[in-house]
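Spelled out, the chains give:
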Amino acid sequence: MLTGTHDSTLVALSVLIATVASYTALDLAGRIRACSGWSCYAWLTTAAVAMGGGIWAMHFVAMLAFSLPGMEVGYDFRLTVISLIAPVFVTGIAFFVVNRKDTGVAALLLSGLFMGLGIVAMHYIGMAAMRMPADLSHDHLWIAVSLLIAIGASTVALWLAFRRTGLEMKLVAAVAMGLAISGMHYAAMQGAVFTSHGTVDGAQGHASIGQTALALAVAAATFLILFLALIAAMFDRRLTLLVEREAAALRRSEEQFRTLYKKTPLPLHSLDENGIIQHVSDAWLDLLDYSREEVVGRPISDFMTEDSAQRRTEGIWSRLLQEGELKDVEYRLVTKGGDVRDVLMSGKVVRDPEGRFGHVLGGIVDVTERKQAEEALRQAQKMEAIGQLTGGIAHDFNNLLMAVLGSLELLRKRLPDDPKVQQLLDNAMQAAQRGASLTQRMLAFARRQHLKPTAVDVPALIRDMADLLQRSIGPMVRIETRFPLQLPPALVDANQLELAILNLAVNARDAMPGGGTIIISVRQAKGSEAEGGVLTANADYVCLEVADTGEGMDEATLARAREPFFTTKGVGKGTGLGLSMVHGLAEQSNGRLVLKSRRGVGTTAEIWLPATQAGVAPPQPEAPSLALERPVRSLNVLVVDDDPLVLQNTAAMLDDLGHRAIEAPSGEAGLAVLRARSVDIVLTDQAMPGMTGLQLAEAIRREWAEVRVILATGYAELPVDVPPNIPRLSKPFTSQRLAEAISRAISASKEERKVVSFRSRHA
């Protein structure tokens with residue numbers, strides 16, 4: 001039996017190799033879980049090579065450090081290569097198993113056992129590769145000791161490999177692992193027994209120069225490989241750190257962008273190539289009243305009306321994808337509550353640097369209120385145009401009624417007292433008077449009637465007309481009134497307001513053929529509370545409401561309810577001017593008529609009138625008619641009118657009253673008459689071509705101050721600066737009203753002549 005020796009330098013070198021290999025393997029193993037994909041397997045292989053290759057290098061250098069006296073030792077190349085592959089293979093398998101996220105204690109112990117057995121197998125395969133003139137045997141006790149050391153060291157190495165440890169911990173673990181692995185080798189060598197085949201020269205007890213050089217070469221190659229692996233790990237760690245910093249910065253940037261995207265006050269959305277919503281801003285959600293979970297992942301067409309979704313599908317979406325950008329496309333979106341919003345939607349296709357489709361970035365502009373304002377403006381312009389047309393027609397119609405009523409009145413006086421003839425005349429006059437009433441409503445709608453606004457206590461006015469209202473609507477309809485205790489007066493023409501309330505009550509009665517309830521209420525409110533926003537926001541208003549429990553109106557009927565001559569009543573049951581007149585009164589009083597109605601629910605009409613703090617003036621009854629007395633002498637009355645029928649009829653009335661009528665078809669002709677002859681009174685129409693009645697009156701005042709002027713008008717609009725001393729006579733008028741106007745003009749002239757002017761003494 002031979003006793004071998006070890007070169008101490010090479011022994012130390014083998015321990016150093018084991019320590020450096022352990023540190024490198026631990027460091028490389030830490031890179032495995034820091035990466036993903038193919039790079040994870042690359043680092044796993046590198047760690048296995050570093051650990052397994054380092055253990056083999058330690059073993060081979062330690063074998064080269066061993067020598068037998070007087071005996072040359074060689075190594076079988078094939079077995080040596082197998083001994084190199086074995087630790088790399090078992091280390092790689094063990095690292096792969098332990099690296100999995102679901103690895104438990106049992107898997108760790110089994111992997112340690114497998115790796116330890118592989119390392120021990122590497123050692124004994126390397127021992128079997130030795131070629132020398134001696135027999136080799138092993139002590140079983142030392143085999144068991146080396147096996148336990150290998151399994152324990154392997155288990156600890158695997159446990160440490162995937163734990164996050166600092167530099168100091170890695171160094172301590174590497175030294176311990178290096179000593180353990182080296183200890184395994186030298187424990188196994190301690191149990192090796194060599195029996196020589198012949199005489200041995202005991203003079204040589206150290207490794208030869210050739211073994212030392214080979215050991216140093218293997219050590220140098222091993223250190224170089226481990227060093228390069230550490231350098232690669234260092235650069236990878238640095239690169240990973242930079243990548244992590246960039247990723248963190250990118251995440252922060254994306255989070256900031258996502259927050260900015262969500263919190264922007266604009267309704268924005270992001271769509272994929274199929275129009276599916278990917279992201280939306282909070283303003284988008286607020287616009288349609290949805291939560292983010294209810295929106296993301298659904299087609300944007302789900303939130304459109306059927307017509308809008310169809311238009312988008314049939315061409316707009318494909319056009320956007322083709323052109324890359326579309327602006328201000330009109331859509332109608334439906335909120336969660338069912339309301340429809342008019343919007344303008346713009347979109348732009350965002351592509352990556354290679355030109356591939358990324359997403360569609362879109363924005364929404366809510367134009368619902370603008371659309372409503374435009375519709376209200378169009379409606380107002382339409383109503384204004386209708387009002388102007390209606391006013392013109394009414395003025396001309398008054399002239400026709402003037403000729404009809406005047407002629408019928410004169411005809412009544414000249415026909416014999418035949419009851420049948422008188423009845424026919426009465427029918428004709430009643431029809432003409434109804435036409436005059438119709439004309440008044442038309443002029444009220446056209447806002448061309450002469451109003452006398454005063455401070456009116458609206459609740460008191462309604463209470464005073466309670467009997468009239470009840471008689472007008474009949475016994476099947478009940479009237480309820482709701483008035484607050486304190487309410488400012490409204491600035492309105494009291495007589496016209498009574499007529500408006502009566503019209504609304506009659507309309508409400510007709511909407512309840514089976515009976516029902518009319519609720520009349522009055523309240524004070526700010527202009528900002530009125531629908532439509534056309535009143536002064538901070539001004540005070542008196543809101544008069546007339547609500548019924550009738551059939552109500554659909555949207556189409558409600559939209560046309562204010563139009564003149566529009567009615568849903570049967571033929572002969574309505575003129576279609578009731579609401580038009582109320583609308584005209586409200587507008588002319590600087591207020592507003594608001595209608596609210598739903599089919600099957602009922603209708604509410606609101607008259608908004610300006611509130612005033614002035615004292616309430618009760619409506620003044622019309623002055624009693626002056627007694628028709630024949631004047632002491634006949635008067636020369638100049639009649640100026642551009643309508644021949646009215647001119648002729650008025651002249652006939654004056655002749656019947658005992659005056660001498662002088663006819664003039666225009667203002668210029670009337671001035672010519674005044675220059676040619678004496679005239680006591682001038683009766684002139686207002687609306688005439690060339691020269692209006694007021695212009696004629698001003699010319700007469702400058703040249704003939706003693707001549708009185710009476711202004712006859714068919715309720716045409718008058719300038720605001722009309723002199724208050726000019727009497728007015730509304731068309732159509734009767735002989736009695738004409739006589740009253742002449743009497744008032746004569747009386748006013750006498751009063752003026754009683755005034756004596758005194759000059760100052762110092763003048």
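Please read these numbers as outputs of a predicted model, since none were measured by experiment.

## Focus: the overall build of the protein chain
- Looking only at helices and strands, one finds 21 helices and 23 strands in the protein chain.
- With 763 residues in all, the protein chain has 45% of them scored as buried.
- Counted over contacts in the protein chain with a minimum sequence separation of 6, partners at least 24 positions apart contribute 72%.
- In the structure as shown, the protein chain presents an accessible area of about 40,600 Å², 57% of it carried by carbon and sulfur atoms.

## Concerning the nonpolar core
- In this structure, Val458, Leu497, Ile501, Ile518, Leu544 and Ile607 are the most contacted members of the largest nonpolar core, which totals 34 residues.
- Looking at which element gives the most residues to this core, the answer is helix H15 (residues 494–510), with seven residues.
- In contact with Ile518, not counting residues within four places along its chain, are Ile473, Val477, Arg478, Ile479, Glu480, Ala505, Ala508, Arg509, Met512, Val546 and Ala547.
- Of all hydrophobic cores here, the second largest spans 28 residues; its members include Leu10, Ile55, Leu64 and Tyr124.

## Brief notes about the packing of helix H14 (residues 466–473) against H15
- Where H14 meets H15, the closest approach of the two axes is 9 Å, and the angle between their N-to-C directions is 30°. Classified by the angle their axes make, H14 and H15 are roughly parallel. H15 is crossed by H14, and the crossing has right-handed handedness. Note on element contacts: H15 touches H14 through Ile501, Leu502, Ala505 and Arg509, opposite Leu469, Ser472 and Ile473.
- Its residues placed into classes, the contact of H14 with H15 shows five nonpolar, one polar and one charged.

## What about the pattern of salt bridges?
- Tallied over the entire structure, the rule returns 22 salt bridges.
- Between Arg523 and Glu529 there is a salt bridge, with the nearest N and O atoms lying 3.8 Å from each other.
- A relative accessible area of 30% means that Arg523 is categorised as partly exposed.
- A salt bridge links Asp540 to Lys526; the nearest nitrogen and oxygen atoms lie 2.8 Å apart. Highlighted residues: Asp540 in strand S16 (residues 540–548) and Lys526 in strand S15 (residues 516–526), separated in sequence by 14 residues.
- Among the residues examined, Asp540 registers a relative accessible area of 31% and is labelled partly exposed.

## What about the side chain of His269?
- Checked against the element boundaries, His269 lands in strand S7 (residues 268–271).
- What makes His269 buried here is its relative accessible area of 2%.
- A polar atom in the side chain of His269 sits 3.2 Å from the side chain of Trp284.

## Considering the packing of aromatic side chains
- With the rule as written, the count across this model stands at three aromatic pairs.
- Both rings, one in Trp284 and one in Phe303, keep their centres 5.7 Å apart while their planes meet at 90°; by these two values the pair is edge-to-face. In this pair, Trp284 sits in helix H8 (residues 282–288) while Phe303 sits in the loop between helix H9 (292–295) and helix H10 (306–323), placing the two residues 19 residues apart along the sequence. By the burial criterion, Trp284 is buried, and Phe303 matches it.
- Ring geometry for Tyr541 versus Trp608: centroids 6.4 Å apart, planes at 65°, classification edge-to-face. Remark: Trp608 occurs in strand S18 (residues 602–610) and Tyr541 occurs in strand S16; sequence separation between them is 67 residues.
- Overall, the relative accessible area of 0% leaves Trp608 in the buried class.

## Here's the deal with the sheet that holds S7
- Strand order in the open sheet formed by five strands is S8-S7-S11-S10-S9, with antiparallel pairing between adjacent strands. The open sheet has two free edges, formed respectively by strand S8 (277–280) and strand S9 (325–334), since each of these has just one partner strand. When the angles between neighbouring strand axes are averaged without regard to direction, this sheet yields 30°.
- In the sheet, S7 pairs with strand S11 (residues 357–366) via four bridges, with the strands oriented antiparallel. Counterpart to Leu271 in the pairing with S11 is Val360.
- Contacting S7, S9, strand S10 (340–351) and S11, H10 runs over the sheet at an angle of about 160° to S9.

## Observations regarding the packing of helix H3 (residues 77–99) against helix H4 (residues 105–128)
- Remark: H3 packs on H4, axes separated minimally by 8 Å, with the N-to-C direction vectors making an angle of 175°. Here H3 is positioned roughly antiparallel relative to H4, judged by the angle of their axes. Taken together, the residues of H4 that come into contact with H3 (itself represented by Leu79, Ile82, Ser83, Ala86, Pro87, Phe89, Val90, Thr91, Ile93, Ala94, Val97 and Val98) are Ala107, Leu108, Ser111, Phe114, Met115, Gly118, Ile119, Met122, Ile125, Gly126 and Ala128.
- Its residues assigned to classes, the contact of H3 with H4 comprises 18 nonpolar, five polar and no charged.

## Regarding the pairing of S10
- Where S9 meets S10, eight bridges bridge the pair, whose relative direction is antiparallel. Considered in S10, the bridge of Glu325 is made with Lys348.
- Here S9 hands over to S10 after five residues, with Gly338 in that stretch at a positive phi of 95°.
- Relative to S11, S10 runs antiparallel, the two being bridged by nine bridges. Looking across to S11, one finds that Lys348 is bridged to Leu361.
- Two successive antiparallel strands, S10 and S11, enclose a turn made up of five residues, where Gly355 displays a positive phi of approximately 90°.

## Re the confidence of the model for the protein chain
- Chain-level pLDDT for the protein chain is 76 on average; 72% of the residues reach the 70-or-more range.
- The low-confidence segment residues 755–763, where pLDDT is below 50, has zero contacts with residues more than four positions distant or belonging to other chains.

## Remarks on the pairing of strand S17 (residues 592–598)
- Counting buried residues along S17, five of its seven residues qualify, which places the element largely inside the surrounding structure.
- By the bridge criterion, seven bridges tie S17 to S18 in an arrangement that is antiparallel. Along S18, the bridge assignment pairs Val594 with Glu606.
- Between S17 and S18, which follow one another and run antiparallel, lie three residues, and Gly600 among them has a positive phi close to 85°.

## Some thoughts on a nonpolar patch on the surface
- A cluster of nonpolar side chains, namely Leu84, Ile85, Phe89, Ile93 and Phe114, defines an oily patch on the protein surface of about 440 Å² accessible area.
- In terms of residues, the nonpolar patch owes the most to one element, H3, which gives four residues.
- Mapped onto the elements, Phe89 comes out in helix H3.

## Thoughts on the sheet that holds strand S22 (residues 708–713)
- If you trace the five strands from one edge of the open sheet to the other, you get S20-S19-S21-S22-S23, paired in parallel fashion. The sheet is open, and its two edges are formed by strand S20 (660–664) and strand S23 (728–730), each paired on a single side. Ignoring strand direction, the axes of neighbouring strands in this sheet form an average angle of 25°.
- Of the pairings in the sheet, the one linking S22 to S23 comprises three bridges and is parallel in character. By the bridge assignment, Ala712 is partnered in S23 with Leu729.

Rules of the game
- Residues numbered from 1 in each chain as written.
- Predicted model: local features only at pLDDT ≥ 70, side-chain atom pairs only at ≥ 80, totals over all residues.
- Heavy atoms only, no water.
- Helix = DSSP H or I, 4+ residues; strand = E, 2+ residues; numbered from the N terminus.
- Buried < 20%, exposed > 50% of the residue type's maximum accessible area, 1.4 Å probe, protein only.
- Contact = heavy atoms within 4.5 Å.
- Areas by Shrake-Rupley, 256 points an atom, 1.4 Å probe, with all protein chains shown as cover.
- Core = buried A, V, L, I, M, F, W, Y, C linked by side-chain atoms within 4.5 Å.
- Axes fitted to C-alpha atoms, helices over the stretch in contact; angles between N-to-C directions.
- Parallel < 35°, antiparallel > 145°, perpendicular 65-115°, else oblique.
- Left-handed = near helix turned anticlockwise from the far one by under 90°.
- Nonpolar A, V, L, I, M, F, W, Y, C, P; charged D, E, K, R; others polar.
- Salt bridge = Lys/Arg side-chain N within 4 Å of Asp/Glu carboxyl O.
- Polar contact = N/O pair within 3.5 Å; in protein donor to acceptor, adjacent residues only side chain to side chain.
- Phe/Tyr/Trp six-rings, centres within 6.5 Å; stacked < 30°, edge-to-face > 60°.
- Pairing = 2+ DSSP bridges.
- pLDDT = per-residue confidence, 0-100.
- Patch = residues over 30% accessible without salt bridge, like charges linked within 9 Å, V, L, I, M, F, W, Y side chains within 5 Å.

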